[in-house]
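Residue strings, one per chain:
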Amino acid sequence: MYDVVLLTLGSERDAPGACGSGGACCGGATGADTAPTGQTDAGQPSSDQAEAEKCTTERPRVPVLACADALNARGARVETITARSDAEIDAVLARFDGPARPDGLTWPDPDSKTRLVVATASDGQLRAVLRRLVKRYAPAPSKRPADLPGNRTLPDLPPVAVLPLDPARGGTHRDLAAQLGLPRDPAAVAAAVLDGTPRRLDLLRNDGGSVTLDGALLGAADDAGRPLHWRARVEVDDTILTDGAEPLLACAVGNAGGYATLDDVMLLTAPDPADGQVEVAVAVPVVVRSAWGRKRVRLEVRRARGRAVSVLPREGKVPYLDDGVEGELTRKRSWWIEPGAWAVWSS
């Protein structure tokens, strides 16, 4: 029978300052280009780590207890853990290490009898765990092993079961679990862990040291809700969507469909988290003249698909949401696809 680790991050609610929210607790960087590895250049804890250490959960949430009960009823050995820092997440993930390799690399065990359930109040919390998995298992370029697939920079990561904690995110504001059609009922999640099969999905890595599971939306609005103009050079593989000379209203980088639409505007047409490509769209306001010579502004959406995308801001800071976590882009950011790099337990 399996050992199951039921991992919870953060606070009782996905409120401002809670794990995986805009406060970045256990989730990801806030501000501009925060050091991604838990330390700043000066060796001090980064805002990621400092905020993560503030996370507290007084007691397990009801869905967590229900999932643990369902697993116990099936004979699984269950351990419930609340992680409040990257170090505590890493201690859990170390249980998935494989046998020592001749090349000295830390590698996941494909035959592990331990299974992981991550209880999430937001996609940012799930991303926090995947970010640490990548940090643990991705080899340095100079130590790339011969058995690593040619289109990847990391091995197959251990499958993760997702236990959503926010019922509302299964409806109108769909989280990644809802988009993937994963079970939300604790007993159904337990069944997927014990009886299901791994469903492999693409992962977006970026040169800021983090990962993206769903997508990113760049741009912002003023207090009245009007989109603000900004400029950036956006490239997808060899396709230039904009060279940075014209104003933009938004840019969507999609692995899945969380940012497919903005208000009533369709940005992404068919994002697929298992097709080995990232879909990117920019929304550009274009001035046109009617037959009567009157000027009006229409929104032009340009799209491209590929293996990698880069965004180079031309001026100031560009606010963004990445898997629901807020940040500001002040320099070039590149994302690239890792086909089938991570997996979820699916019934």
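Preceding block: the structure.
Residues numbered from 1 in each chain as written. Predicted model: local features only at pLDDT ≥ 70, side-chain atom pairs only at ≥ 80, totals over all residues. Heavy atoms only, no water.

S.K.: Just checking my understanding: could you explain the overall build of the protein chain for this structure?
M.R.: Regarding its fold elements, the protein chain presents six helices and 18 strands. Counting across all 347 residues of the protein chain, residues that qualify as buried make up 50%. For the protein chain, the proportion of contacts with a sequence separation of at least 24, taken over those separated by at least 6, is 69%. Of the accessible surface of the protein chain, which amounts to about 15600 Å², a share of 50% is contributed by carbon and sulfur atoms. (Helix = DSSP H or I, 4+ residues; strand = E, 2+ residues; numbered from the N terminus. Buried < 20%, exposed > 50% of the residue type's maximum accessible area, 1.4 Å probe, protein only. Contact = heavy atoms within 4.5 Å. Areas by Shrake-Rupley, 256 points an atom, 1.4 Å probe, with all protein chains shown as cover.)

S.K.: Is there a simple way to think about the pairing of strand β15 (residues 308-313) in this case?
M.R.: The two faces of a sheet get side chains in turn, since along a regular strand they alternate between them. Sheet topology places strand β8 (residues 232-236) next to β15; five bridges connect them, and they run antiparallel. Of the residues in β15, the one forming a bridge with E235 is S310. Sheet topology places β15 next to strand β18 (residues 333-346); four bridges connect them, and they run antiparallel. Opposite A308, over in β18, you have W336 as the bridge partner. (Pairing = 2+ DSSP bridges.)

S.K.: Would you explain the packing of aromatic side chains in this entry?
M.R.: What characterises a pair of aromatic rings is the spacing of the ring centres plus the angle enclosed by the ring planes. Applying the stated criterion to the full structure yields zero aromatic pairs. Positioned above the aromatic ring of W107 is the side chain of R101, whose terminal nitrogen or guanidinium carbon lies 4.3 Å from the ring centre. Lying over the aromatic face of Y2, R115 brings its terminal NZ or CZ to 3.8 Å of the ring centre. (Phe/Tyr/Trp six-rings, centres within 6.5 Å; stacked < 30°, edge-to-face > 60°. Lys NZ or Arg CZ within 6 Å of the ring centre and 35° of its normal.)

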